[in-house]
Each structure stands twice: as structure tokens, then as C-alpha cells.
Amino acid sequence: MSELLKYPGESKADSLSPEGKAAAHTRRVFLFKLAVGLNALVGAVLAVPLAGYLLGPAARKRSNIGAWVNLGSLSDFPVGQTRLADFLSPMAAFNDGETGKTSCWVRRVSEQTVQVFAINCAHLGCPVRWFAESKLFLCPCHGGAYYEDGSRASGPPERGLFEYKTRIAGDHLLIHAGNLPTLSTEASCKEKPMVQIQPAKQIEAARAVSADPAARSTTWQG
Amino acid sequence: MAGLKIYNWIEHRLGLIQPLKEAAEHPTPSNNASWWYVFGSAATVLLMLQIVTGILLALVYSPSANEAWTSLNFLNHNIALGWYLRALHGWGSDFMIAIVLIHLVQVFLFGSFKFPRELTWMVGVVLLLLTLGMAFTGQVMRFDQDAYWGLGIGASISSRVPFVGAKLVHLLLGGSIIGGATLSRFFTLHVFVIPGLLLAGVAVHVLMVLRHGVSDWPMPGRLVRKSTYEREYHELTQRTGLPFVPDAAWKDAIFAAAILFSVMACAFFFGPFGPGGQPDPTIIQTAPHPDFAFLWIYAVLAFLPPSLETPVLLVAPVIAIAGMLLLPLLAGEGERHWARRPVAVLSVSVIAVTLGIFTRLGTYTPWSPVMDAWSGDAVPVKYMHNRTPLEREGAMVLQDKQCRDCHSLDGAGGLRGPALDSVAARMTEDQIVRQVLQGGGNMPAYGNALNPAETKALVSFLMTLRGNALEPAMDASRELLRQSRTATPVNPDAAVPGTAKAGEQK
């Protein structure tokens, strides 16, 4: 023992009996607990922004999602027909590639009345197809069927097709698109009733109130 | 001599080789050196194969929505042996799920999850879920049409969660639509998060196997008791023990080699999985379906009534997983042998048959309309013979109105609705008219899609479809009414001829 150099930091308590050590090391134990507490604090300060980053996508406000999208000239959608229209999602980002594109079914009910349905089945989101002869939308996944006005016809869906909010600005048809349409992220607001055939004058009056020429195709295309 | 010196130098510093050697040579009861005990090690070997092939694929794969699909086609066609690596990884995944499931069933039927191996089982259940997680996220990596719409199905299921549905969808997709952010987070899960958890879980699983020993072969009547089991196992090991390596492990090694060879053979002869069509959501001429391991879920989703769908989707998995996790706590003692556990054998049989049936249904989706049957499958010629012009017109209506998408004639057409070959033997004219116009029983109403002339023609054609000349269906109540009218004649003299005539009419 005596040959070894003495460690300068050696404590007097080192030569004590275990009971004596236990009585003597309260200061180190206190400092250790303090250090643990300090790390817990630092850890929490570190973790909050990390969790914020991770949960960011879920924290977006509903009102910030979506924008008006131009589907093109009304003349592309003849009265009495239901046609497929493609658009670039206003939520598409730089890295979305072709998945940023989406389709929707446009049903021109009358001159000034249009219904626009999401292609996503209300059951599990598969793309529904329009069958003009039988006037049905059919889903390839589990056989959900919808009538021409989007209401549920048969199969597993518990509701009709999701509808986009629409607006007619001059000769152009606009829809409000944002979320992938699912049961809790609907394409359209809930209070909107099923569109019925109405006189064109009434519709025009209603549109005039909420006329907004500032419609753009996507947010990031400007 | 020099080799021994180097070994000693390393081992003195590392201190791992000797403990590993002892672990490998630990004595195990001779009765478990069996071909039934090879599945766990085979699953581990497949995990290693997946890690190696996965790392090699990551050299070329581009986890970006812009490029993922193209990079897979590039791997298939432009990179030497790229197709083979993709095939190995894909087939390795299918084999791994199969072997993990067989391992689970073997452990369950042998009662090996009982004391003191309860926690080993629970970790094993988590490993099964992680393996399925790898399979689902791996399907997304393919980033073709099936992957895109599969993500849509995942988002639709998440959206059914009460209150936080929308937030869950956004968290799952990494945004409000399926796109680059979605692929990135599934890539992160598939490549970093789940493999890390899998490796850690396998390490804990194997450590516990070493700690408690591989379970002995179950014997009817030899009960597991917490007070005696460990002493009995210890005595058995001392009496009959064999070194695990090599006396038991040679079977594991041969089986692992056979499995690897099978994966290689499947990869070589059957090739890689996809990628299918490009992930362009504007291409809607697609019938998405999931990979083999999830086909049964896809089938179950077709059969749930709308009102039950959300509760079943959200509650059933919780009950199933909790049941599997809690099993060893509820049945930690007692009989291990399958011959004395009829409920266990029955459960495995019922679950296996159920999963098998749903998977089989998932391969040909009888609930889906055949979208091109109306234009592709003509009315069989035999159903046009000896028909009036009106009836033939009705056959045209049947095709034009896309009835065939859901109804088959002579085996061709959809299976969603009943086959129409003998419809007139089941339903009267009135019933057919009502069914066509008003729908019901999973059939849409066609009142708005058919004008009266078309309805008349269609129904008159359908009335000719009576299978092999079966009797036409009749309305029993109307028949009774007619009989009762004719049976109470006003004029007794005219009664007999009148009845005969009434019976022949119509």
C-alpha cells in the first residue's frame, strides 16, 4: 500500500467502516442527485422541441390546410355528365412527385350547378370509378357503390362520397382542396347540403355574395 | 501457436469469446434436440438475410416520392443482379413472416410459454408485431399503385379513431396528403426504427432463452408448477443434458440452410415483387390489394357491416394483442402437452382455418365488381336462342346497364350479386321488377338508370333464365287466392270447368 502514490483527492472517509462511509458520503450522494436532476431538466428542455418537430404534421390548424384550385373551363364539363378532372394538390410539396396530383369527379347538374366528388371511397379511400350507363360510382376494393349524386347506394361505406366545396368564377370551376379525404379529414365542410337542382338565378345570387377572384392553382406555384 | 497467442491477447482484452463459447455449449435436455425446435433460429437467420439484402438495396434505392418507383425499376433492369437482391429481400420477408408464425404456433402448442418463460413469450409477441410492421412498411417502400392506395387505406382506418382521427392521419402521412413526406417517414420506420427495435428485442429474447434454457419436450401429465419446475428442469438437464452446440444445433443449422436455399430458389425462379403501376393517383384504373400477409384483413374489411366497422377495426386488434400478451399470465402453470389442451388445439385450428379462408377470398375478391365484365363478357349464345325480340333487347339492356359487373351468367361476370342463370326460378316477375327498380340487400336501386321500356325488356329477358328448364318461381299467396276464389263457385253447375280454366290461365 505504502508504495503506491497517494491520490490527492482521496477522502478521509476511505478508511472508515462501511457504516462510517454511509454516514460520511451524504454530500456526494446529494451532488449526484443534483446532477441527475440537472440532466432531467436538460433532457426535458431538449425533448420538447424534438417532440414538437415529430408531432408537427398533427399540429397544423385546420384552417391552414387547403386552397381554391382551378379545375379549368366550365365548358369542359357538359351539363348532365360526370367527368374525371385532374389537379395538382395545393398541399403538394417539392418532393411529392406525381403523388402530388389528384383526381376528382365533376358532375355538372345544370348550367350553374356542379357537384365535385373526391375519388376516394368513403370506406377505405380506394379510387371509385364512374359508370355512366348504370349511373353508379363503383369502388374496386370492397365493392362500395354510390348513386350519381354521391349518396351511398350499397356496400361497406357508411356514408356518401366526399364532396369538395365548389365555386364558379366566370367561366372557371374552382374547388377547395386540401386534405386527403377521409372520414375525419373531409374534403368539404359538413354543413354543405347535397346540391339539388335549383334555378340558375338563385345560384348566381348566392355565388355573387362570396365572389373571390383571388383563386390560384397551388400554394407553392404561386 | 502464434494463433493461440493472438487469441489470448484479444480475449484477455475483449473477454467475450469465452462466455459466448460457454453459452453455445450450454447443456440442454436431450429431448428438445428435435426438428420441432428449429424455427426460432431460422427466423433469426432470415432476419440477418433481410438486414444484409436491405443494406445492399439501400445503396441504390432512392426514398423520395419523385424517384422511388423509378429507382426500383432501375434496380430491376439496369443494375447487375439488382432484380435478384430485390427478389431475395421480398421472398425473405414472406418466409420470415411464415417462419415466425410457425415458431409462435409451435411454442403455443408445446406450452413453452408457461413459467418461467412468460416474458420470453411476451417479447416474442412484440417481435411478431415488429415483423408485421416491417412487412407493411416494406410494402410502402415499393411505392407503386398498391403502396399508394394501401397508405390511403391506412389513413382511412386511422381517421376512424374518435377525436384524434384527423391528427393521426396527418401524423401517419407526415402532411395532409400522401406524398414525399409519407414515404420518408415509412422509410425511417423501415430502415432505422423497427430494425433497431427488432435487433434489441431478438437480443433480449435470446438472452432469456439462455437464462431459462430451451423448454423441455412436453409430456402429458407432467405439470408445470412454479414451486418445482425450475428444479425439475435442472435435474433433467443434469441427467440427460447435451451440449447445445453441436449436439442440438446441427438440426438448426441444416434447417436454416434449407430455408435460405428455399428463399434463393424462390427469388431465382419467381423473381422480385413488382413494382406495380406507377404511384400516380390520377390513374384510377387500378384494383389495389395488399401483400399476401395482409390479404385476410383486406377480406375481413369487405364483410363487416358498416355500423360495426369502426368498433371492430379499433377494438379487435387491441383485444387480440392484449390476449396474446396476457396468455402466459393467465395460463402460466399446468399441462403443457397439446393432447391435454383441447382448447389450445381448437383455437389454433379455428384461427388457422379462418385466416386461410379470408386469405383465399382476398386472392380473388368476390365482393368486388368486375369493372369490365359488362363490355368484356358477352351474354352466352345459348341464352339468346328461341328468345323474342323483346327478350333479346332485354339482354342488351343487361349488358349496357353494367349488370354483369356484379352478376355472372354461365360463370362469367362479377360475383358481388347472385348468378342470374336461374333467377326466374327463384323470383317472380313482380319480385324482379321491384328488386331492379328499388334495389335492396346490397343492390343499388336502378329506378333512375332505367326507363320503363328498358325495365320491361330487361325483366322479360330475366324471366327466360330458368337454369336447366326449372319451374318458374310463383307467388304462393296469389296462387292460394286464386284457388280460394275458384273453389267457391257462385254457380255450382259451372264450378268444374271454371276451375280447370283458371288453373291454365297465365
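Not measured: the values here are computed from a predicted model.

A. A look at the overall build of chain A. A tally of helices and strands in chain A yields 3 helices and 10 strands. Within the span of chain A, comprising 222 residues, buried residues form 34% of the whole. For chain A, the share of sequence-separated contacts (at least 6 apart) that also reach a separation of at least 24 residues comes to 55%.

B. Quick peek at the overall build of chain B. Scanning chain B for helices and strands turns up 21 helices and 4 strands. On C-alpha atoms alone, chain B measures out to a radius of gyration of 32 Å, which is more than a quarter above the 23 Å that the 2.2 N^0.38 rule sets for 506 residues. Considering only C-alpha atoms, chain B reaches an extent of 125 × 60 × 50 Å along its principal axes. Across the 506 residues that make up chain B, the buried fraction comes to 35%. Looking at chain B alone, contacts between residues at least 24 apart form 77% of all its contacts between residues at least 6 apart.

C. Region of the structure containing the interface of chain B and chain A. Contacts between the two partners involve 56 residues from chain B, matched on the other side by 51 residues from chain A. Broken down by secondary-structure element, the contributors of at least two residues to the side of chain B that touches chain A are helix H7 (145-158), helix H8 (165-173), helix H9 (180-212), helix H12 (295-303) and helix H13 (306-330) of chain B. When residues in the side of chain B that touches chain A are grouped by element, the largest group, 7 residues, is from H8 of chain B. Broken down by class, the residue content of the side of chain B that touches chain A amounts to 28 nonpolar, 20 polar and 8 charged.

D. Spotlight on the nonpolar core. Core analysis: the biggest nonpolar cluster contains 95 residues, and Cys104 of chain A together with Ala42, Leu46 and Ile99 of chain B have the highest contact counts within it. By residue number, the principal contributor to this core is helix H5 (residues 82-109) of chain B, which donates 10 residues. With sequence-adjacent residues up to four places away left out, Cys104 of chain A is seen in contact with Ala85, Val116, Phe117, Ala118, Ile119, Tyr164 and Ile175 of chain A. Counting residues in each nonpolar core, the second largest holds 22 residues, with Tyr383, Leu409, Tyr446 and Val459 of chain B among its members.

E. Region of the structure containing the confidence of the model for chain B. Residues and elements named next belong to chain B. Looking at chain B as a whole, its pLDDT mean stands at 91, while 96% of the residues score no less than 70. Counted against residues more than four places away or in other chains, residues 494-506, with its pLDDT under 50, gives 7 contacts. Here the prediction assigns the complex a pTM of 0.86, and the interface score ipTM is 0.85.

F. Spatial organisation of the domain arrangement of chain B. In terms of domains, chain B is made up of domain 1 (26-364) and domain 2 (373-462). Computed over C-alpha atoms only, the centres of domain 1 of chain B and domain 2 of chain B are separated by 46 Å.

G. Representation of the packing of H5 of chain B against helix H6 (residues 118-141) of chain B in the model. All names here are of chain B. Following both chains from N to C, one finds H5 and H6 inclined at 160°, their axes separated by 10 Å at the closest point. With respect to H6, the axis of H5 lies roughly antiparallel. Of the two possible hands of crossing, H5 and H6 adopt the one that is left-handed. Residues Ser93, Met96, Ile97, Val100, Leu104 and Val107 of H5 pack against Trp121, Gly124, Leu128, Thr131, Ala135 and Gly138 of H6. In terms of residue class, the contact of H5 with H6 is made up of 8 nonpolar, 4 polar and no charged.

H. Up close: the packing of H6 of chain B against H9 of chain B. Residue and element names in this part refer to chain B. One can describe the packing of H6 onto H9 by two numbers: an axis separation of 9 Å at closest approach and a directional angle of 155°. With respect to H9, the element H6 is oriented roughly antiparallel. By crossing handedness, the relation of H6 to H9 is classed as left-handed. A class-by-class count of the residues in the contact of H6 with H9 yields 19 nonpolar, 9 polar and no charged.

I. A look at the pairing of strand S9 (residues 163-169) of chain A. Residues and elements named next belong to chain A. The pairing of strand S4 (residues 114-118) with S9 spans 2 bridges and is classified as antiparallel. Within S9, the residue paired with Phe117 across the bridge is Glu163. Across 5 bridges, the pairing between S9 and strand S10 (residues 172-177) is antiparallel. Following the sheet pairing, Thr166 is matched in S10 by Ile175.

J. Summary view of the sheet that holds S4 of chain A. Residues and elements named next belong to chain A. Spatially, the 6 strands line up as an open sheet ordered S1-S10-S9-S4-S3-S2, and their pairing is antiparallel. The sheet is open, and its two borders are formed by strand S1 (67-73) and strand S2 (82-88), each paired with just one other strand. Across this sheet, the average inter-strand angle for adjacent strands is 35°, counted without regard to direction.

K. Fine view of unusual backbone geometry. A cis amide bond, omega 0°, links Phe115 of chain B with the succeeding residue Pro116 of chain B. Relative to the helices and strands, Pro116 of chain B is located in the loop between H5 and H6. With an omega of 5°, the peptide bond between Gly274 of chain B and Pro275 of chain B qualifies as cis. Examined against the element boundaries, Pro275 of chain B turns out to sit in the loop between helix H11 (244-270) and H12. For Lys135 of chain A, which is not glycine, the phi dihedral falls at a positive 55°. With respect to the element layout, Lys135 of chain A can be found in the loop between strand S5 (129-131) and strand S6 (136-138). Since 20 C-beta atoms lie within 10 Å of it, Lys135 of chain A is described here as buried.

L. Broad picture of the sheet that holds strand S8 (residues 152-154) of chain A. Residues and elements named next belong to chain A. Ordered by their spatial adjacency, 4 strands build an open sheet running S5-S6-S7-S8, and the pairing between neighbours is antiparallel. The open sheet terminates on both sides in strands that have one partner only, identified here as S5 and S8. Adjacent strand axes in the sheet meet at a mean angle of 35° when their direction is disregarded. One ladder, built from 2 bridges, connects strand S7 (residues 145-147) with S8; its direction is antiparallel. Considered in S8, the bridge of Ala145 is made with Ser154.

M. Fine view of the environment of Arg416 of chain B. One can find Arg416 of chain B in the loop between strand S4 (412-413) and helix H17 (423-426). With 52 residues separating them along the chain, Arg416 of chain B and Tyr364 of chain B place their C-alpha atoms 12 Å apart. With residues up to four places along the chain from it excluded, the contact list for Arg416 of chain B reads Gly143 of chain A together with Trp367, Ser368, Pro369 and Cys406 of chain B.

N. How the structure looks around the confidence of the model for chain A. Across chain A, the average pLDDT comes to 80, with 78% of residues at 70 or higher. Counting interchain partners and residues more than four positions distant, the pLDDT-below-50 stretch residues 188-222 of chain A has 41 contacts.

O. Focus on the environment of Asp280 of chain B. Along the chain, Asp280 of chain B falls in the loop between H11 and H12. Look at Asp280 of chain B and you get partly exposed, because 19 C-beta atoms sit within 10 Å. Note: C-alpha distance between Asp280 of chain B and Gln145 of chain B (135 residues apart in sequence) is 7.0 Å. Aside from chain neighbours lying at most four places away, what touches Asp280 of chain B is Glu98 and Lys101 of chain A.

P. Representation of the environment of Asp76 of chain A in the model. All names here are of chain A. Of note, Asp76 is situated in the loop between S1 and S2. With 13 C-beta atoms packed within 10 Å, Asp76 lands in the partly exposed category. Between the alpha carbons of Asp76 and Gly144 there is a distance of 28 Å; along the sequence they are 68 residues apart.

The rules behind these values
Residues numbered from 1 in each chain as written. Chains lettered and ligands numbered in written order. Predicted model: local features only at pLDDT ≥ 70, side-chain atom pairs only at ≥ 80, totals over all residues. Helix = DSSP H or I, 4+ residues; strand = E, 2+ residues; numbered from the N terminus. Buried ≥ 20, exposed ≤ 12 C-beta atoms within 10 Å, placed from the backbone. Contact = placed C-beta atoms within 7 Å. Rg over C-alpha atoms; globule rule 2.2 N^0.38 Å. Nonpolar A, V, L, I, M, F, W, Y, C, P; charged D, E, K, R; others polar. Core = buried A, V, L, I, M, F, W, Y, C linked by C-beta atoms within 7 Å. pLDDT = per-residue confidence, 0-100. Domains from an automatic or database assignment. Axes fitted to C-alpha atoms, helices over the stretch in contact; angles between N-to-C directions. Parallel < 35°, antiparallel > 145°, perpendicular 65-115°, else oblique. Left-handed = near helix turned anticlockwise from the far one by under 90°. Pairing = 2+ DSSP bridges.

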